[in-house]
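Residue strings, one per chain:
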Amino acid sequence: MGLKDMFDNLKKEVKVLQGDETKDKVYSNHNEFPDEAAAREAFGRSKQKLFDVNGWSRMAGFNSEFNLYDSRGRRTAATKPEVGYYIDIILPASTLDNWVQITDIREEENLAEFVVHPSEKPQERHQEDKVIEHFFIKEASSTFRVVREGNTLHAYEIGRNEGINNEGQESGNRALLNTLVAEGGWAGVQGLQWDKLTKYLVHLEEAKETKS
């Protein structure tokens, strides 16, 4: 990388930090199977893992906590979410809630995915001055996807418009905290978290046993 590229990247990072620009990121893993029959069976299990959001918390090792809530803000043990449901994400070594809402679900023969956007707490969705309880802006999105192509399963986390939620009333009193989380704590674990999840979704990394 030349000096000009380094300088341009530094300028972009400063603008992201100031809330003036956004980032797009993609994380993925794949797993090959002996034949299509085995891959189809494994894809069925991948869909189950994808939609069982509460189960993501059981992945082994350093991991975030994922809790699924219905559209009325009630904790749910549902193994398949619906559009309008919420997910509360608590980062490792943190007690800070980060809320996202499911805005789209797609399920086809060889593809399954859902899309989330940062949101307010579900109990506050009717308030006039909504505070986005997340370190990214509401325009950001994450798409969680599993795909079967022949004998191979692919899993993706696709992040779009990842800008820091530190400007205006939507950041509430979290502007500084959101900056510290986005550029500090989350920046350090984002790659590890989504690498772990995409491995889990294609059965490269299994969930630990549920605690009794």
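Everything that follows concerns the structure shown earlier in this document.
Residues numbered from 1 in each chain as written. Predicted model: local features only at pLDDT ≥ 70, side-chain atom pairs only at ≥ 80, totals over all residues. Heavy atoms only, no water.

K.L.:
Would you take a moment to explain the overall build of the protein chain for this structure?
P.N.:
In terms of regular secondary structure, the protein chain is built from three helices and seven strands. The helix and strand sequence of the protein chain, counted from the amino end, reads α-β-α-β-β-β-β-β-β-α. Per-residue burial over the protein chain gives 45% buried out of 212 residues. Working note: accessible area of the protein chain is about 11000 Å², and carbon and sulfur atoms make up 49% of it. (Helix = DSSP H or I, 4+ residues; strand = E, 2+ residues; numbered from the N terminus. Buried < 20%, exposed > 50% of the residue type's maximum accessible area, 1.4 Å probe, protein only. Areas by Shrake-Rupley, 256 points an atom, 1.4 Å probe, with all protein chains shown as cover.)

K.L.:
Help me understand empty space enclosed by the protein, please; the structure alone is not making it clear to me.
P.N.:
Empty space among the atoms becomes visible once a probe the size of a water molecule is rolled across them. Here the structure, examined in full by the defined rule, presents one cavity of 30 Å³ or more. Within this model, the largest cavity holds a volume of roughly 170 Å³. Around the largest cavity, the lining is made up of 18 residues, and of these Val 100, His 134, Phe 136, Ser 142 and Trp 194 lie nearest the centre. At the level of secondary structure, the elements contributing two or more residues to the lining of the largest cavity comprise β5 (111-118), β6 (141-149) and α3 (175-201). Tallied by class, the residues present in the lining of the largest cavity amount to eleven nonpolar, five polar and two charged. (1 Å grid on protein atoms, 1.4 Å probe; cavity = no way out; pocket = protein on both sides within 12 Å on 5 of 7 lines; lining within 4 Å. Points joined across faces, edges and corners; volume = space filled by probe spheres on them. Nonpolar A, V, L, I, M, F, W, Y, C, P; charged D, E, K, R; others polar.)

K.L.:
Where do I start with the pairing of strand β7 (residues 152-160) in this structure?
P.N.:
Regular strands show a simple pattern: their side chains alternate between the two faces of the sheet. In terms of residue burial, β7 counts as a mostly covered element, since seven of its nine residues are buried. Across nine bridges, the pairing between β6 and β7 is antiparallel. Within β7, the residue paired with Val 147 across the bridge is His 154. (Pairing = 2+ DSSP bridges.)

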